[in-house]
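Overview (structure and organization)
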Amino acid sequence: MSAPELFDTHAHLHFPDFADDLPAVLARARAAGVSRLLTIGADVETSAAAVALAAREANVWAAVGIHPHDAGEADDGALAEIERLATAPRVVAVGEIGLDFFRNLSPRDAQERTLRHLLDLARRVGKPALIHCRDAHEETLAILGEARVGEVGGIMHCFSGDVTIARRCLDLGLTISLAGPVTYPNARALPDVARFVPADRLVVETDCPYLPPQGHRGQRNEPAYLPLTAARVAELRGEPLATLGPRMSDNARRLLRVA
Ligand SMILES: [Zn+2]
Ligand SMILES: [Zn+2]
């Protein structure tokens, strides 16, 4: 049986974790059926690296943004550089951007200001937004609503809320992305979310090198493990992976306008 076609909608392939063996990582991804990947910047330096990688690899696209952890450093120069990178070839989204009140590595007002600024950039360049949200659902959803994010579209990446939050994200026009935690035996709300989200609004991701699925916990995550997450989502929904996988890939391609 051949592997179902999958799109890894959130990877950090250009991070140093993959510097020594990226060609092998990409070969394993292809062999596992992960035929398209989106590599995502978290600050100016990693956004530039994402753009450079996507320029070299035919099946890799890039997103540029400033992660809430780095929002404290997002001065005018950094924001201008992200704006310049956002129009580079093969940049298909603005992200990751958002709020993280779990670790609070940047002051909250800086996180909110940077998120608003980069949502406005997404609108100006006409590309969807990739949202990181941890322990900040109320604040994030309020800002996304004010920014009318549905008009450009976006992905709530590594979704960590419950069905109520998922419904609110769908109402805002967002797509929901599930990552490795949906495979964990102690996942509480995520199995219900996996069953709840309509099939045309669902995608999957690795968030590699972070958040490996069950069976690889404690290791570096990589795109070749994405089928484990996709298979768990398919199982929870009672759908064959052979149909859900390509369907989720189509959702990502439509939103990101990727061939
Ligand atoms: Zn994130
Ligand atoms: Zn990420």
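Residues numbered from 1 in each chain as written. Chains lettered and ligands numbered in written order. Predicted model: local features only at pLDDT ≥ 70, side-chain atom pairs only at ≥ 80, totals over all residues.

1. Section: the nonpolar core
To keep things clear, this is the line we draw: Buried Ala, Val, Leu, Ile, Met, Phe, Trp, Tyr and Cys residues form a nonpolar core when they are connected through C-beta atoms within 7 Å. Exposure is read from a count of other C-beta atoms within 10 Å of each residue's own; the residue is exposed at 12 or fewer, buried at 20 or more and partly exposed in between. C-beta atoms are placed from the backbone. The contact rule is simple: place each C-beta atom from the backbone, and if two of them lie within 7 Å, those residues are in contact.
Ala-63, Val-64, Val-94 and Ala-129 are the most contacted members of the largest nonpolar core, which totals 83 residues. The residues contacting Val-64, other than those within four sequence positions of it, are Gly-41, Ser-47, Ala-50, Val-51, Ile-82, Leu-85, Ala-86, Val-91 and Val-94.

2. Here's the deal with unusual backbone geometry
It is generally the case that most residues other than glycine have a negative phi and that most peptide bonds are trans. Inclusion rule: Helix numbers and strand numbers start at the N terminus; a helix is a DSSP run of H or I with at least 4 residues, a strand a run of E with at least 2.
Following Gly-95, the chain continues into Glu-96 via a peptide bond in cis, with omega recorded as 10°. One can find Glu-96 in strand 4 (residues 91-100). With a phi angle near 50°, Asn-104 is a residue other than glycine that sits in the positive phi range. You can see Asn-104 is positioned in the loop between strand 4 and helix 4 (108-125). Given 15 C-beta atoms within 10 Å, Asn-104 falls into the partly exposed group. With phi around 45°, Cys-158 is a residue other than glycine that occupies positive phi space. Within the secondary structure layout, Cys-158 lies in the loop between strand 6 (154-156) and helix 6 (163-171).

3. As for the sheet that holds strand 8 (residues 202-204)
Cut-off, in case you're wondering: Each pair of strands is called paired provided DSSP finds at least two bridges between the two strands. All axes are obtained by fitting lines to C-alpha atoms, using only the stretch in contact for helices, and the reported angles, taken between N-to-C directions, cover 0 to 180 degrees.
With parallel pairing, the 8 strands of this open sheet are ordered in space as 1-2-3-4-5-6-7-8. In this open sheet, the two strands that pair with only one neighbour each are strand 1 (6-11) and strand 8. Going from strand to strand, the sheet's axes swing by 30° on average, the running direction of each strand aside. Taken together, the 4 bridges between strand 2 (residues 34-40) and strand 3 (residues 60-64) define a ladder with parallel strand orientation. When the sheet's bridge partners are listed, Leu-37 is paired in strand 3 with Val-60. Relative to strand 3, helix 2 (residues 44-56) is tilted by about 160°, and along the sheet it contacts strand 2, strand 3 and strand 4.

4. Digging into the pairing of strand 7 (residues 174-178)
Counted only if it meets this: Clockwise travel from the first strand over the helix to the second, with the strands pointing away from the viewer, marks a crossover as right-handed.
Among the 5 residues in strand 7, 5 count as buried, and that is most of the element. Burial along strand 7 is two-sided: the face carrying Leu-174, Ile-176 and Leu-178 and the face carrying Thr-175 and Ser-177 are both buried. Looking at chain direction, strand 6 and strand 7 are connected through 3 bridges and run parallel. Paired with Gly-154 across the strands is Leu-174, a residue of strand 7. As a crossover connection, the stretch from strand 7 through helix 7 (residues 190-196) into strand 8 is right-handed.

5. Regarding the pairing of strand 1
Burial runs high along strand 1: 6 of the 6 residues are buried. Sheet topology places strand 1 next to strand 2; 4 bridges connect them, and they run parallel. The partner of Asp-8 across the bridge, within strand 2, is Leu-37. Handedness of the crossover is the feature at issue here: the chain leaves strand 1, passes through helix 1 (residues 22-31), returns alongside strand 2, and the resulting connection is right-handed.

6. Let's talk about helix 8 (residues 226-237)
As a reminder, the rule being used: Helix span is expected to be 1.5 Å times the residue number reduced by one.
Taking 1.5 Å per residue, 12 residues should reach 16 Å; helix 8 reaches 17 Å between its end C-alpha atoms and fits that length. Listed as buried for helix 8 are Leu-226, Pro-227, Thr-229, Ala-230, Arg-232, Val-233 and Ala-234. Close packing links the buried residues of helix 8 with strand 1, strand 2, strand 7, helix 7, strand 8 and helix 9 (241-256).

7. Some details on the environment of Leu-190
Relative to the helices and strands, Leu-190 resides in helix 7. Leu-190 sits 51 residues away from Glu-139 along the chain, and the two C-alpha atoms are 21 Å apart. With sequence-adjacent residues up to four places away left out, Leu-190 is seen in contact with Leu-178, Pro-181 and Val-182.

8. Remarks on the packing of helix 8 against helix 9
The cut-off we apply is this: Handedness of each helix crossing follows the sense of rotation of the near helix against the far helix: counterclockwise by less than a right angle gives left-handed, clockwise gives right-handed. Classes in brief: Ala, Val, Leu, Ile, Met, Phe, Trp, Tyr, Cys and Pro nonpolar; Asp, Glu, Lys and Arg charged; the others, Gly included, polar.
Running from N to C, helix 8 and helix 9 point in directions that differ by 115°, and their axes come no closer than 9 Å. Once helix 8 is placed against helix 9, the crossing between them reads as right-handed. Contacts from Ala-230, Ala-231, Val-233, Ala-234 and Arg-237 in helix 8 reach Leu-241, Leu-244 and Gly-245 in helix 9. Partitioning the contact of helix 8 with helix 9 into residue classes produces 6 nonpolar, 1 polar and 1 charged.

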